Amino acid sequence: MSDFDQELSLGALLPAKEAGQLCGSLAMLLHSPVALEDLRGEVLAGDRGLPVESRIELVLELEPIGYLLAPQADPVARGAAANLIRQMLIARARYLMAAGLHIASTQADYEELQRQNSALRESEAKYKELAAELEARVAEQVKVIDERQRQLYQAERLASVGQLAAGVAHEINNPIGFVRSNLSTAQNYLGKLAGLAAPVTALAGGAAVWKAADMDFTLDDFADLLRDSIGGVDRVARIVSDLKGFSSVDRPQEGFVDINELLTGACNIAEKTLAPGAALIRDLGPAKSFLCLPGQLSQAFLAVLGNAVQATADKGPLGEVRVSSRFDGRQTLIRIRDNGGGIDPVALPRVFDPFFTTRPVGQGTGLGLTVARDILRAHNGEIVVDSTPGEGTTVTLSLPD
Amino acid sequence: MPEFDPLPAPGKLTFKLVYYGPAQSGKTTNLMRLHDELAPALKGDLMTMETQNDRTLYFDLLPLGFRAPSGLLIKFRVFTVPGQVQHDGTRKAVLSRADGIVFVADSQRNQTVNNGESFQNLTDNVARVGLDLATIPLAVQFNKRDLGDVLSEDEIKARWKQAPWPVFFATATRGDGVAETFADLLRQTYRRYEDEYHLADGHGLSERDFVSQAIGLPEAVS
């Protein structure tokens, strides 16, 4: 369909068949041969070769669009017929224009709807994208908050442990100092007492008294007691020192530290929780000094060691924890292996999840390995857990050079 | 673009002029007055398509025309659009290929928003059908001056001061201002297309003759 406002020719307004019927009817009414011609004189319908003198213009709007020829008709009747045809043409034109406009406006409305539809789709897609982006950002934020919470928890725990250790160190070191000193002095005094044996037994009756008092045994046993006591006090002093080292009360900042030194400190603490008779084997190879946060690394080692010791608790004297360290030129590898019960394969993928624990409520925080991994990653390292149920668990910590 | 038909010789140049504006601002009344009052050499019947409660659903069409000294038939097909908001598709179709526009606004104070929305709709549709508001001949008419509570002429002039289009005041029911508005649109139309169709040098048609022949009323042409 062409544009509705296109001007219509006679041929467009009167299809050939209708024009033919019209001419036939008019011929009967006018008692004359009848023809319809277009502007160029082409006969659209009716008789050909009629004289043009009698033709009447057919005007639709302003100007003729064709002619009616009826040479033998009465002029008045011929004029009336032309008027009749004009009314037909106007009705026809109205219909064609309305139909054309209807199509054009429907098309325009449809295009408008399509435009709105595509705009809606576009905005829908945009909102979907925004929603997805928002979701991703929320997840990311949740992750960050989780991590911060863990770090905060850890920091607070370290701080309180550090405060406790500092307090203990302060309160115990002083008495331990003078107890140790007094014990040494007592050893000296014991030597002097032992020196009296010869003169006293040389005196009259002296030997009998000495013997009655069982002084030989007393002096020997006294020396043993003092030796044992000094050993015990030294152990207490070492524990305090390890505790200080572990909590890094005196090394809060990062610094160059021998990894083996940190491992030894952690082993010394963990060892005390071993089942009686169980072994903690140190297999420390040459390791590098390392720029790190010593307190945090100690915490990570102790967390892994603590798990290993706990895993071997059921084994009694057969329990064994082996700690090894190696530097392979690129990274330091620390392996902590136990011969405990191993980890259930179902639980294995979750061991690093925060607050995941298989221990009874109140005994495990579920943060040990989580924090250990955070700490290793903070040092650009990694931590890997291998476990075979019934055979034991190996945890490998790697620290790049 | 006006449509030029070379046949039958010496040809015909048809201008499509469109009366645009909000619903019931008097577009059809303008056309009826033009039909009744203008006296060009050629004047056709006012073709009114379907209406509903006195509202145009499709369009009205008034054909007018005269012959230039060269014999060229100058024909105007003056259309109205349906003003109601929901007939936008029809409005757009009628506006297509327009050579000149009269925007008929309703002077009543409470119709200000409708006028604004309709004019916005005109600028949107002009762009959509590929016309350029900056170059197309356009006259603005504020109709219904005889009603109460209408915007004063000063208010309207102040509001349209920045616009490049001439503003006319009319009471179409009495015929006041109708021919003046149309005459101005004819003047703009002549100026816009004179060069392109050689109206003066090719067909011996001056601007003054173009307007007065189309109007057929010497007193309406200043």
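Attention here is on the structure that accompanies the text.

Here is what the cut-offs are and how they apply
- Residues numbered from 1 in each chain as written.
- Chains lettered and ligands numbered in written order.
- Predicted model: local features only at pLDDT ≥ 70, side-chain atom pairs only at ≥ 80, totals over all residues.
- Heavy atoms only, no water.
- Contact = heavy atoms within 4.5 Å.
- Buried area = accessible area lost by both parts, 1.4 Å probe.
- Salt bridge = Lys/Arg side-chain N within 4 Å of Asp/Glu carboxyl O.
- Polar contact = N/O pair within 3.5 Å; in protein donor to acceptor, adjacent residues only side chain to side chain.
- Nonpolar A, V, L, I, M, F, W, Y, C, P; charged D, E, K, R; others polar.
- Helix = DSSP H or I, 4+ residues; strand = E, 2+ residues; numbered from the N terminus.
- Buried < 20%, exposed > 50% of the residue type's maximum accessible area, 1.4 Å probe, protein only.
- 1 Å grid on protein atoms, 1.4 Å probe; cavity = no way out; pocket = protein on both sides within 12 Å on 5 of 7 lines; lining within 4 Å.
- Points joined across faces, edges and corners; volume = space filled by probe spheres on them.
- Patch = residues over 30% accessible without salt bridge, like charges linked within 9 Å, V, L, I, M, F, W, Y side chains within 5 Å.
- Areas by Shrake-Rupley, 256 points an atom, 1.4 Å probe, with all protein chains shown as cover.
- Phe/Tyr/Trp six-rings, centres within 6.5 Å; stacked < 30°, edge-to-face > 60°.
- Pairing = 2+ DSSP bridges.
- Axes fitted to C-alpha atoms, helices over the stretch in contact; angles between N-to-C directions.
- Parallel < 35°, antiparallel > 145°, perpendicular 65-115°, else oblique.
- Left-handed = near helix turned anticlockwise from the far one by under 90°.
- Core = buried A, V, L, I, M, F, W, Y, C linked by side-chain atoms within 4.5 Å.

Observations regarding the interface of chain A and chain B
Line of reasoning, step 1. Chain A puts 22 residues into the contact, and the matching count from chain B is 30 residues.
Line of reasoning, step 2. For the pair chain A and chain B, the summed buried area comes to about 2,200 Å², and 59% of that belongs to carbon and sulfur atoms.
Line of reasoning, step 3. Interface area lost by chain A to chain B is led by Glu61, Leu62 and Arg94 of chain A, which between them contribute 28%.
Line of reasoning, step 4. For the interface between chain A and chain B, the tally reads ten salt bridges.
Line of reasoning, step 5. In this structure, the salt-bridge partner of Arg97 of chain B is Asp3 of chain A, at a minimum N-O distance of 3.3 Å.
Line of reasoning, step 6. Between the two partners, chain A and chain B, sit 14 residue pairs in polar contact (both at pLDDT 80 or more).
Line of reasoning, step 7. Residues belonging to the side of chain A that touches chain B are distributed by class as follows: nine nonpolar, three polar and ten charged.

Let's talk about the environment of Ala378 of chain A
All names here are of chain A.
Line of reasoning, step 1. Here Ala378 lies in helix H9 (residues 368-378).
Line of reasoning, step 2. When its relative accessible area of 56% is taken as the criterion, Ala378 is described as exposed.
Line of reasoning, step 3. Sequence separation of Ala378 and Gln296 is 82 residues, and the distance between their C-alpha atoms is 9.8 Å.

Comments concerning the layout of surface pockets
Line of reasoning, step 1. In this structure, the second largest pocket occupies an estimated 760 Å³ of space.
Line of reasoning, step 2. If you go around the second largest pocket, you meet 31 residues; those closest to its centre are Leu39 and Ile65 of chain A together with Leu7, Pro8 and Lys12 of chain B.
Line of reasoning, step 3. Of all the secondary structure elements, the ones that give two or more residues to the lining of the second largest pocket are helix H1 (10-13), strand S4 (64-69) and helix H3 (75-195) of chain A together with strand S1 (3-5) and strand S8 (73-80) of chain B.
Line of reasoning, step 4. Split into classes, the residues belonging to the lining of the second largest pocket amount to 16 nonpolar, four polar and eleven charged.

As for a nonpolar patch on the surface
Line of reasoning, step 1. A cluster of nonpolar side chains, namely Leu193, Leu196, Phe222 and Leu225 of chain A, defines an oily patch on the protein surface of about 350 Å² accessible area.
Line of reasoning, step 2. Mapping Phe222 of chain A onto the fold places it in helix H6 (residues 215-247).

Points about the packing of aromatic side chains
Line of reasoning, step 1. A complete count under the given rule lists 14 aromatic pairs over all chains for this structure.
Line of reasoning, step 2. Each ring, one from Phe4 of chain A and one from Phe79 of chain B, has its centre 5.9 Å from the other, and the planes form 75°; the classification is edge-to-face. Of this pair, Phe4 of chain A sits in the segment before H1 while Phe79 of chain B sits in strand S8, placing the two residues on different chains. Per residue, the accessibility class of Phe4 of chain A equals that of Phe79 of chain B, and both read buried.
Line of reasoning, step 3. A centroid spacing of 6.3 Å and a plane angle of 40° characterise the contact between Phe66 of chain B and Phe76 of chain B, whose relative ring orientation is tilted. Taken together, the residues Phe66 of chain B in strand S7 (residues 60-67) and Phe76 of chain B in strand S8 connect sequence positions ten residues apart. For the pair shown, Phe66 of chain B and Phe76 of chain B are each scored as buried.
Line of reasoning, step 4. A connected cluster of aromatic rings, assembled from ring pairs, spans Phe15, Phe66, Phe76, Tyr190, Tyr193 and Phe210 of chain B.

A look at the pairing of strand S9 (residues 331-338) of chain A
Side-chain direction in a regular strand flips from residue to residue, so the side chains alternate between the two faces of the sheet.
All names here are of chain A.
Line of reasoning, step 1. Taking every second residue as pointing to the same face, the buried face of S9 carries Thr332, Ile334, Ile336 and Asp338, while none of Gln331, Leu333, Arg335 and Arg337 on the other face is buried.
Line of reasoning, step 2. Where strand S8 (residues 320-327) meets S9, seven bridges bridge the pair, whose relative direction is antiparallel. In the sheet register, Arg322 faces S9, and the bridge partner there is Arg337.
Line of reasoning, step 3. In this antiparallel pair of consecutive strands, S8 and S9, the connection spans three residues, and Gly329 shows a positive phi of 95°.
Line of reasoning, step 4. Relative to strand S11 (residues 392-400), S9 runs antiparallel, the two sharing eight bridges.

Section: the packing of helix H7 (residues 259-271) of chain A against helix H8 (residues 294-311) of chain A
Residues and elements named next belong to chain A.
Line of reasoning, step 1. H8 packs onto H7 with a crossing angle of 45° between their chain directions and a minimal axis gap of 9 Å. The orientation of H7 relative to H8 falls into the category oblique. When you trace H7 past H8, the crossing you get is right-handed. For the pair H7 and H8, contact is made by Ile259, Leu262, Leu263, Ala266, Cys267, Ile269 and Ala270 and by Pro294, Leu297, Ser298, Phe301, Leu302, Leu305 and Val309, respectively.

Details of the packing of H8 of chain A against H9 of chain A
Residues and elements named next belong to chain A.
Line of reasoning, step 1. With their axes 9 Å apart at the nearest point, H8 and H9 run at an angle of 145° to one another. Between H8 and H9 lies a crossing of left-handed hand. Mapping the contact onto sequence places Gln296, Leu297, Gln299, Ala300, Ala303, Val304 and Asn307 in H8 and Gly368, Leu369, Ala372, Ile375 and Leu376 in H9.
Line of reasoning, step 2. Along the lines of polarity and charge, the residues of the contact of H8 with H9 split into eight nonpolar, four polar and no charged.

Observations regarding the sheet that holds strand S10 (residues 382-388) of chain A
All names here are of chain A.
Line of reasoning, step 1. Overall, mixed pairing links the five strands, which are arranged S6-S8-S9-S11-S10 in an open sheet. Unpaired on one side and paired on the other, strand S6 (279-284) and S10 mark the two borders of the sheet. Ignoring strand direction, the axes of neighbouring strands in this sheet form an average angle of 10°.
Line of reasoning, step 2. Across six bridges, S6 lies against S8 in parallel orientation. The residue of S8 that forms the bridge with Leu284 is Ser325.
Line of reasoning, step 3. Across the sheet, H9 is in contact with S10 and S11; its angle to S10 comes to roughly 140°.

Considering the environment of Ile65 of chain A
All names here are of chain A.
Line of reasoning, step 1. By the element assignment, Ile65 lies in strand S4.
Line of reasoning, step 2. Spatially, the C-alpha atom of Ile65 lies 9.8 Å from that of Glu7, the residues being 58 residues apart in sequence.
Line of reasoning, step 3. With near-sequence residues (within four places) excluded, Ile65 lies in contact with Leu8, Ser9, Leu10, Leu13, Asp38, Leu39, Leu58, Leu60 and Leu89.

Here's the deal with the nonpolar core
Line of reasoning, step 1. Counting 57 residues, the largest nonpolar core has Leu36 and Leu68 of chain A together with Phe59 and Leu122 of chain B as the members making the most contacts within it.
Line of reasoning, step 2. Looking at which element gives the most residues to this core, the answer is H3 of chain A, with ten residues.
Line of reasoning, step 3. Setting aside residues up to four positions removed in sequence, Leu122 of chain B forms contacts with Tyr20, Leu95, Ile101, Phe103 and Leu138 of chain B.
Line of reasoning, step 4. Grouped together as the second largest cluster of nonpolar side chains are 38 residues, Ile259, Phe290, Ala308 and Ile375 of chain A included.

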